[in-house]
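Inside the fold
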Amino acid sequence: MTILLFLLLTAANVSPLLAQEKKAETEDRTLLTQDQPLPAEEWDAQVTNANGDVTVILAGESEEAAASKGMPLQAGDRIKTGADSSAEISFEGNSIVALRSNSDFTLQALGRKETVFRLALGSFLAKIQSLTATGGNLSVHTPTAIAAVRGTEFGVEISADNS
């Protein structure tokens, strides 16, 4: 009987301690979660290569600026390549759009759920990994068509006569 009473008293005293430890552990997890940044709503895009005459017109601006390696890009930015010029845009470091010469390309939307590229003129090749892997949609708009992209590698070309 004495042993049973001792076990009951010990369990009664340990139980609040366990509850306090569990509460502290839960609070620690909450703090860790709050300290960690939430995923961005938009893809991280930047110019990773610019050869020749490559310019960027920032969203909401009208003046062209020379593109440079590492230049951050955001939704609405327009990239233009001149004759014998090319540019490469990276998304999250593992998806790439390579613009060829005489191209006019706009990052219309960079949302993780909806990504939209607009090609007014020229051509590009794309190797996409992360943009569609998260369940989001990627579409390419041209003067004559809109295409939803499901694959990981594709090319688009628009000539001066919009064909």
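For the structure, check the block above.
Heads up: these notes are all about the structure in this document. (Residues numbered from 1 in each chain as written. Predicted model: local features only at pLDDT ≥ 70, side-chain atom pairs only at ≥ 80, totals over all residues. Heavy atoms only, no water.)

Looking at the pairing of strand S10 (residues 137–141)
Rules: We call a residue buried when its accessible area falls under 20% of the maximum for its residue type, exposed when it is over 50%, and partly exposed in between, using a 1.4 Å probe and counting protein chains only. Secondary structure is summarised from DSSP: a helix means a run of H or I of at least four residues, a strand means a run of E of at least two, and numbering begins at the N terminus for each. Strands qualify as paired when DSSP identifies two bridges or more between them.
The buried fraction of S10 amounts to four of the five residues, a majority that puts the element mostly inside the structure. Joining the antiparallel neighbours S10 and strand S11 (residues 146–149) is a turn of four residues.

Things to note about the pattern of salt bridges
A side chain of one charge can pair with a side chain of the opposite charge when the charged atoms of the two come close. Our working definition: Throughout this description, the term salt bridge denotes a Lys or Arg side-chain nitrogen within 4 Å of a carboxyl oxygen of Asp or Glu.
Counted according to the given criterion, the structure contains three salt bridges. Of the charged contacts in the structure, one is a salt bridge between Lys-80 and Glu-64, with a shortest N-O distance of 3.1 Å. Of this pair, Lys-80 sits in strand S5 (residues 78–81) while Glu-64 sits in strand S3 (residues 64–66), placing them 16 residues apart in sequence. With a shortest N-O distance of 2.5 Å, Arg-78 and Asp-104 are connected by a salt bridge.

Observations concerning the packing of aromatic side chains
The condition is simple: Two aromatic rings from Phe, Tyr or Trp, using only the six-membered ring of Trp, form a pair when their centres are within 6.5 Å; if the ring planes differ by under 30 degrees the pair is stacked, by over 60 it is edge-to-face, and anything between is tilted.
Under the counting rule described, the total for this entry stands at five aromatic pairs. Note on Phe-124 and Phe-154: the rings are 5.8 Å apart at their centroids and 80 degrees apart in plane angle, and the pair reads as edge-to-face. Placement of Phe-124 in strand S9 (residues 114–127) and of Phe-154 in strand S12 (residues 153–158) is noted, with a sequence separation of 30 residues between them. By relative accessible area, Phe-124 is classed as buried at 1%. Clustering of aromatic rings is evident, with ring pairs tying together Phe-91, Phe-105, Phe-117, Phe-124 and Phe-154.

What to know about the nonpolar core
In plain terms, the rule: In this description, a nonpolar core means a group of buried Ala, Val, Leu, Ile, Met, Phe, Trp, Tyr and Cys residues linked to one another through side-chain atoms lying within 4.5 Å.
Counting residues in hydrophobic clusters, the biggest one holds 27 residues, and the most contacted among them are Ile-79, Phe-105, Phe-117, Phe-124 and Phe-154. Listing elements by their share of this core, those giving two or more residues are strand S1 (45–51), strand S2 (54–57), strand S6 (86–91), strand S7 (95–99), strand S8 (104–110), S9, S10 and S12. Broken down by element, the residue count for this core peaks at four residues, all from S9.

A closer look at unusual backbone geometry
Phi at Asp-84 is positive, roughly 55 degrees, even though this residue is not glycine. Structurally, Asp-84 is set in the loop between S5 and S6. The residue Glu-92 is not glycine, and still its phi comes out positive at about 60 degrees. On the accessibility criterion, Glu-92 (32% relative accessible area) is partly exposed.

What about the pairing of S1?
For S1 and strand S4 (residues 72–73), the ladder comprises two bridges, and the chain directions are antiparallel. Across the sheet, residue Gln-46 finds its bridge partner in S4, namely Pro-72. The pairing of S1 with S6 spans six bridges and is antiparallel. Note that in S6 the partner of Val-47 across the bridge is Ile-89.

Comments concerning the side chain of Thr-115
This is how it is decided: Nitrogen and oxygen atoms within 3.5 Å of one another constitute a polar contact, given that in protein one can donate a hydrogen and the other can accept it, and given that sequence-neighbouring residues count only through two side-chain atoms.
Relative to the assigned elements, Thr-115 resides in strand S9. Given a relative accessible area of 0%, Thr-115 falls into the buried group. Separated by 2.9 Å, the side chain of Thr-115 and the backbone oxygen of Gly-111 make a polar contact.

Spatial relationships are all this shows, so hold off on functional conclusions.
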